[in-house]
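# Close look at the chain arrangement
Residues per chain are reported as follows:
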Amino acid sequence: MFRYLIEELHADPLVKNKNAVSVMHKAAFDNSNYAITYLRDKIGMKLDDFDCSGNTPLHFACSQGAEYAAEWLVGFGHPINSKNSRNETPLHLILKCPP
C-alpha cells in the first residue's frame, strides 16, 4: 500500500504535517525498516530531518522503543547525538520509554 500510494497515485512523501513531522519520522515511530529504506533509497529523504520540536526520526524511534528502526537509522549513519529543542538526545528518550 505504501509504495502504491507513492508510485501509482503519486502521493508526495515530502509533505510534512503542521508539526513538521515527515513520513520518515512516522516510519521510524512505527518501526518500519522497509519504509525507512525506501524513503532513503528511492525518494532521497534525509535521515536527520527535524520536526518543529527539533526531533529527528531517531528521536521518534527511541521514544517508542522502536529498536529495529533505531538500529537501521544508526546503521545508515543517522547522527546519534542530535539534540531536540529540549536539549534531549535519542538516548534521553530511550530512558523515558516504558519497558
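Note that the structure is a prediction, hence the values are computed from the model and not measured.

What counts, and where the lines are drawn
- Residues numbered from 1 in each chain as written.
- Predicted model: local features only at pLDDT ≥ 70, side-chain atom pairs only at ≥ 80, totals over all residues.
- Heavy atoms only, no water.
- Helix = DSSP H or I, 4+ residues; strand = E, 2+ residues; numbered from the N terminus.
- Rg over C-alpha atoms; globule rule 2.2 N^0.38 Å.
- Buried < 20%, exposed > 50% of the residue type's maximum accessible area, 1.4 Å probe, protein only.
- Contact = heavy atoms within 4.5 Å.
- Areas by Shrake-Rupley, 256 points an atom, 1.4 Å probe, with all protein chains shown as cover.
- Lys, Arg positive; Asp, Glu negative; His and termini not counted.
- Charge placed at Lys NZ, Arg CZ, Asp CG, Glu CD.
- Core = buried A, V, L, I, M, F, W, Y, C linked by side-chain atoms within 4.5 Å.
- pLDDT = per-residue confidence, 0-100.

Attention now goes to the overall build of the chain. Within the chain one finds six helices and zero strands. When the elements of the chain are put in sequence order from the N terminus, they spell out α-α-α-α-α-α. Compactness check: the chain gives a C-alpha radius of gyration of 13 Å against a globular reference of 13 Å for 99 residues, within 12% of the reference. Judged by the C-alpha coordinates and their principal axes, the chain covers about 40 × 25 × 25 Å. Here the chain, with 99 residues, has 38% of them falling under the buried criterion. Partitioning the intrachain contacts of the chain with sequence separation of at least 6 by distance along the chain shows that 62% fall at a separation of at least 24. Carbon and sulfur atoms form 57% of the exposed surface of the chain, whose accessible area is close to 6,000 Å². Charge-centre separation for the chain: the mean point of 10 positive side chains lies 5 Å from the mean point of 11 negative side chains.

So, on to the nonpolar core. Nonpolar side chains tend to gather and get buried jointly when the protein is soluble and globular. Counting 18 residues, the largest nonpolar core has Met24, Ala28, Ile36, Ala61 and Leu73 as its most contacted members. Put simply, the parts of the chain that give this core at least two residues each are α2 (23-29), α3 (33-43), α4 (57-63) and α5 (67-75). Sort the elements by how many residues they give to this core and α4 lands first, with four residues. If sequence neighbours within four positions are ignored, Leu73 has contacts with Ala28, Ile36, Leu47, Pro57, Leu58, Ala61 and His78.

Looking at the chain, pLDDT values average 94 and 97% of them are 70 or higher. Of all secondary-structure elements in the chain, the lowest mean pLDDT belongs to helix α6 (residues 90-96), at 90, while α2 reaches the highest, 97.

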